[in-house]
Amino acid sequence: MRKIIVGSFITLDGVMQAAGGPEEGFKYGGWCAPYYDEALDKITEKQKHPIGDLLLGRKTFEIFASFWPEHEDIWPGINDATKYVMSSTLKKSNLPAGQVGWKNSIFLDSVDDIKKLKNSEGSNLNVHGSGNLVQTLLKHDLVDELWLLIHPITLGTGNKLLDGGTIPAAFTLLESSVTQSGVIAAHYKRAGEVKTGTVGG
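These notes cover the structure that comes with them. (Residues numbered from 1 in each chain as written. Predicted model: local features only at pLDDT ≥ 70, side-chain atom pairs only at ≥ 80, totals over all residues. Heavy atoms only, no water.)

## Thoughts on the overall build of the protein
1) Next: When helices and strands are counted, the protein shows four helices and eight strands.
2) Next: For the protein, the succession of helices and strands along the chain, N to C, is β-α-β-α-β-β-α-β-α-β-β-β.
3) Next: The C-alpha extent of the protein, read off along each of the three principal axes, is 65 × 40 × 30 Å.
4) Next: Across the protein, the fraction of contacts at a sequence separation of at least 24, relative to all contacts at a separation of at least 6, is 70%.
5) Next: Counting 20 positive and 23 negative side-chain charges, the protein places the centres of these two groups 5 Å from one another. (Helix = DSSP H or I, 4+ residues; strand = E, 2+ residues; numbered from the N terminus. Contact = heavy atoms within 4.5 Å. Lys, Arg positive; Asp, Glu negative; His and termini not counted. Charge placed at Lys NZ, Arg CZ, Asp CG, Glu CD.)

## Things to note about the environment of Gly156
1) Next: Position of Gly156 among the secondary structure elements: in the loop between strand E6 (145-151) and strand E7 (171-178).
2) Next: By relative accessible area, Gly156 is classed as exposed at 67%.
3) Next: Counting along the chain gives 33 residues from Gly156 to Ser123, while the straight-line C-alpha distance between them is 37 Å. (Buried < 20%, exposed > 50% of the residue type's maximum accessible area, 1.4 Å probe, protein only.)

## Brief notes about the nonpolar core
1) Next: Of all hydrophobic cores here, the largest spans 23 residues; its most connected members are Ile4, Leu55, Leu108, Ile114, Val127, Leu133 and Leu137.
2) Next: Among the secondary structure elements, those contributing two or more residues to this core are strand E1 (4-11), strand E3 (83-86), helix H3 (111-118), strand E5 (125-128), helix H4 (131-139) and E6.
3) Next: The element contributing the most residues to this core is H4, with four residues.
4) Next: Ignoring any residue separated from it by four or fewer positions in sequence, one finds Leu137 in contact with Ile4, Leu55, Ile114, Val127, Leu142 and Val143.
5) Next: Core analysis: the next-biggest nonpolar cluster, separate from the first, contains 14 residues, Leu40, Ile43, Ile153 and Val183 among them. (Core = buried A, V, L, I, M, F, W, Y, C linked by side-chain atoms within 4.5 Å.)

## A word on unusual backbone geometry
1) Next: Despite not being glycine, Asn104 has its phi angle at roughly 65°, a positive value.
2) Next: Tracing the chain through its elements places Asn104 in the loop between E3 and strand E4 (105-108).
3) Next: At Asp141, a residue that is not glycine, the phi angle is positive and equals roughly 55°.
4) Next: Take Asp141: it is sitting in the loop between H4 and E6.

## Focus: the packing of aromatic side chains
1) Next: For the structure on display, the rule yields six aromatic pairs.
2) Next: Measuring from centroid to centroid gives 6.0 Å for Phe26 and Tyr28, while their planes differ by 75°, and the two rings are edge-to-face.
3) Next: A residue is classified by how much of its surface remains accessible, and Phe26, at 11% relative accessible area, is buried.
4) Next: Geometrically, the ring pair formed by Phe64 and Trp68 is edge-to-face, given 6.4 Å between the ring centres and 80° between the ring planes.
5) Next: Look at Phe64 and you get buried, because its relative accessible area is 15%.
6) Next: Assessed through its relative accessible area of 11%, Trp68 is described here as buried.
7) Next: Grouping aromatic residues by their ring pairs yields a cluster made of Phe64, Phe67, Trp68 and Trp75.
8) Next: Over the aromatic face of Trp102 sits the side chain of Lys83, whose NZ or CZ is 4.3 Å from the ring centroid.
9) Next: The side chain of Arg190 reaches across the aromatic face of Phe171, ending 5.9 Å from its centre. (Phe/Tyr/Trp six-rings, centres within 6.5 Å; stacked < 30°, edge-to-face > 60°. Lys NZ or Arg CZ within 6 Å of the ring centre and 35° of its normal.)

## Focus: empty space enclosed by the protein
A probe as big as a water molecule, rolled over the atoms, marks out the empty space that is left.
1) Next: Here the structure, examined in full by the defined rule, presents one cavity of 30 Å³ or more.
2) Next: In this structure, the largest cavity encloses a volume near 40 Å³.
3) Next: Lining the largest cavity are Ile5, Val6, Gly7, Gln47, Asn126, Val127, His128 and Trp147.
4) Next: Mapped onto the lining of the largest cavity, the elements with two or more residues apiece are E1 and E5.
5) Next: Counted by class, the lining of the largest cavity contains four nonpolar, four polar and no charged residues. (1 Å grid on protein atoms, 1.4 Å probe; cavity = no way out; pocket = protein on both sides within 12 Å on 5 of 7 lines; lining within 4 Å. Points joined across faces, edges and corners; volume = space filled by probe spheres on them. Nonpolar A, V, L, I, M, F, W, Y, C, P; charged D, E, K, R; others polar.)

## Remarks on the environment of Val6
1) Next: Note on placement: Val6 falls in strand E1.
2) Next: Sequence separation between Val6 and Gly52 is 46 residues, and the spatial gap between their C-alpha atoms is 13 Å.
3) Next: Excluding its chain neighbours within four sequence positions, the residues that come into contact with Val6 are Val127, Val134, Val143, Glu145, Leu146 and Trp147.

That is the geometry; function is a separate question.
The structure is reproduced here in structure tokens:
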């Protein structure tokens, strides 16, 4: 069985949208750039290796597919990795005219497809960006690990990582660190059901 590992840049109020740049037309696009120092770069490099396979939502796939084929020197192996894309509209057969698609890309139709993929043999499935997909995965309890890079900023607007459909679930902290710029890197593992009790009781 494969693990599904979600990595995300988020703000204190949970916004994940357009962390790296203004490409989505978001007012605060690129909000993580002022905090991106050498320490954070080392953390993100650790998260990217081993690359495994990628599980992506449509929007993130389209952003990645427009950039990474020509920039593999930045992320070696990205083009050879298998990219599984969850989309109800995008298929290899209906890509824009002249676009042959990003090699090793496989399109999925449903949560059942993801469940079958997770239960198959192969590399772990790494999720980057893909906010709507992450919410779907959390709703169906399909996330095994979370790599969160929590930035010391609030935005008050924008798409959020945990915006809807999450279920009660416990996680265990596997490792954490803090950069000089104040970014908290926290690596969590799914850990069963939520437990309750009385403080001091």
